[in-house]
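# Structure assessment
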Amino acid sequence: MIGSRIAAVGHYQPARVLTNEDLAGMVDTSDEWITSRVGIRTRHIAGPDEPVDELAAQAAGKALAAAGRTAADIDMVLVATSTAIDRSPNMAARVAARLGIPGPAALDLNVVCAGFTHALATADHAVRAGAATRALVIGADKMSEVADWTDRSTCVLVGDGAGAAVVEAADEPGIGPVLWGSVPEMGHAVRIEGTPPRFAQEGQSVYRWAATQLPVVARQACEKAGLAPEELAGVVLHQANLRIIEPLAARLGAFNAVVARDVTESGNTSAASIPLALSKLVERGEVSTGDPVLLFGFGGNLSYAGQVVRCP
């Protein structure tokens with residue numbers, strides 16, 4: 001079996017920025033209330049003419065360019081999203097059509113906030129099994145479309161965006177074994193349901209689970225990769241809440257790692273949050289080619305998935 005690696009990453013966010021001060025004019029909240037509880041200061045909001053597949057295609061195009069590849073080089077498209085309103089054609093097929101990718105396997109994965117790391121593992125497995133040679137893996141969500149903008153406990157959290165990675169065959173594994181699972185009995189803790197669909201969550205339940213269980217499973221992902229947490233150069237967790245991210249990185253023991261804190265400027269972008277944050281770390285040169293970085297998603301279902309990757 002061959003290995004696979006991330007050849008390049010890319011990200012995209014809508015131009016409109018919604019600040020905490022803006023939100024204070026919409027609901028009963030304040031900058032102090034939001035930053036003290038979740039650490040978010042701004043978020044990007046897509047317009048009605050920016051559907052999920054547009055966000056995804058923009059990020060994917062940047063990843064392709066960074067990898068020096070064209071649409072003809074891709075034979076699999078995986079899109080992780082939980083905000084696709086239409087059933088068919090799916091987001092992966094729409095992205096393939098936008099980019100002119102000829103005849104790829106086109107799959108959507110709905111694992112909410114853990115979607116990208118599930119999709120990355122799926123692409124890794126497909127490439128190593130010989131079922132694909134080069135895949136586009138995208139996390140894209142338009143959370144503003146499912147937000148209840150009258151509920152101050154949830155609308156202050158969400159943002160829109162997309163991140164993408166080009167995954168291709170490699171002589172040495174650049175994507176570590178995935179550690180994934182779920183807690184189905186806690187599936188009610190994060191929901192996007194109803195007609196029209198609306199995002200809701202039991203914040204304290206998710207926080208308690210993350211604080212107590214995530215350090216354990218994140219360490220197991222490092223063990224699967226054969227690395228100690230202190231050997232990590234970066235940690236990119238699902239960007240849900242700064243009060244979850246910072247203590248978890250400390251409890252994990254990743255003392256030498258750069259910890260992604262993109263939640264402060266992007267909010268919770270669900271499946272987009274990990275590739276968005278990773279792409280920004282790479283773009284800013286905060287992690288270098290070949291550096292080991294832990295990616296770990298968690299959230300809806302209550303699902304989780306993580307792996308150590310080597311930076312492009």
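A brief report on the enclosed structure follows.

Conventions we followed
- Residues numbered from 1 in each chain as written.
- Predicted model: local features only at pLDDT ≥ 70, side-chain atom pairs only at ≥ 80, totals over all residues.
- Heavy atoms only, no water.
- Core = buried A, V, L, I, M, F, W, Y, C linked by side-chain atoms within 4.5 Å.
- Buried < 20%, exposed > 50% of the residue type's maximum accessible area, 1.4 Å probe, protein only.
- Helix = DSSP H or I, 4+ residues; strand = E, 2+ residues; numbered from the N terminus.
- Contact = heavy atoms within 4.5 Å.
- Salt bridge = Lys/Arg side-chain N within 4 Å of Asp/Glu carboxyl O.
- Arc of directions from axis to C-beta.
- Polar contact = N/O pair within 3.5 Å; in protein donor to acceptor, adjacent residues only side chain to side chain.

Among the nonpolar cores identified, the biggest contains 49 residues, and W209, L214, L232, L294 and F296 are the most heavily contacted of them. Counting only elements with at least two residues in this core, the list comes to helix 2 (31-37), helix 7 (203-224), strand 11 (234-237), helix 8 (242-252), strand 13 (292-298) and strand 14 (303-310). Sequence-distant contacts of L232, that is, excluding residues within four places in its chain, are made with C222, L252, A254, N256, A257, P292, V293, L294 and V308. Within the second largest apolar cluster, 32 residues are counted, among which are V9, A119, V127 and C311.

This paragraph deals with the pattern of salt bridges. For the structure shown, the criterion picks out 15 salt bridges. Among the salt bridges present, the one from E54 reaches R98, with a minimum N-O distance of 2.6 Å. Linking E54 in helix 3 (residues 52-67) with R98 in helix 4 (residues 91-99), this pair joins segments that are 44 residues apart in sequence. Its relative accessible area of 18% is what places E54 among the buried residues. On the accessibility criterion, R98 (42% relative accessible area) is partly exposed. In this structure, the salt-bridge partner of E168 is R134, at a minimum N-O distance of 2.8 Å. Pair noted here: E168 is in strand 7 (residues 160-170) and R134 is in strand 6 (residues 134-142), with a separation of 34 residues, a long-range link. By relative accessible area, which is 5% here, E168 ends up buried.

Within helix 4, the full set of buried residues consists of M91, A92, V95 and A96. Along the long axis of helix 4, the arc covered by the buried residues comes to 135°, so they all point the same way. In this fold, the buried residues of helix 4 make contact with helix 3, strand 4 (76-80), strand 5 (105-109) and strand 6. Looking at where helix 4 begins, the residue whose side-chain oxygen comes 3.3 Å from the main-chain nitrogen of A92 is N90.

Inspection of the secondary structure assignment puts S273 in helix 10 (residues 273-283). Look at S273 and you get buried, because its relative accessible area is 1%. A distance of 3.1 Å separates a polar atom in the side chain of S273 from the backbone nitrogen of Q239. Those residues in contact with S273 that lie beyond four places of it in its chain are H238 and Q239.

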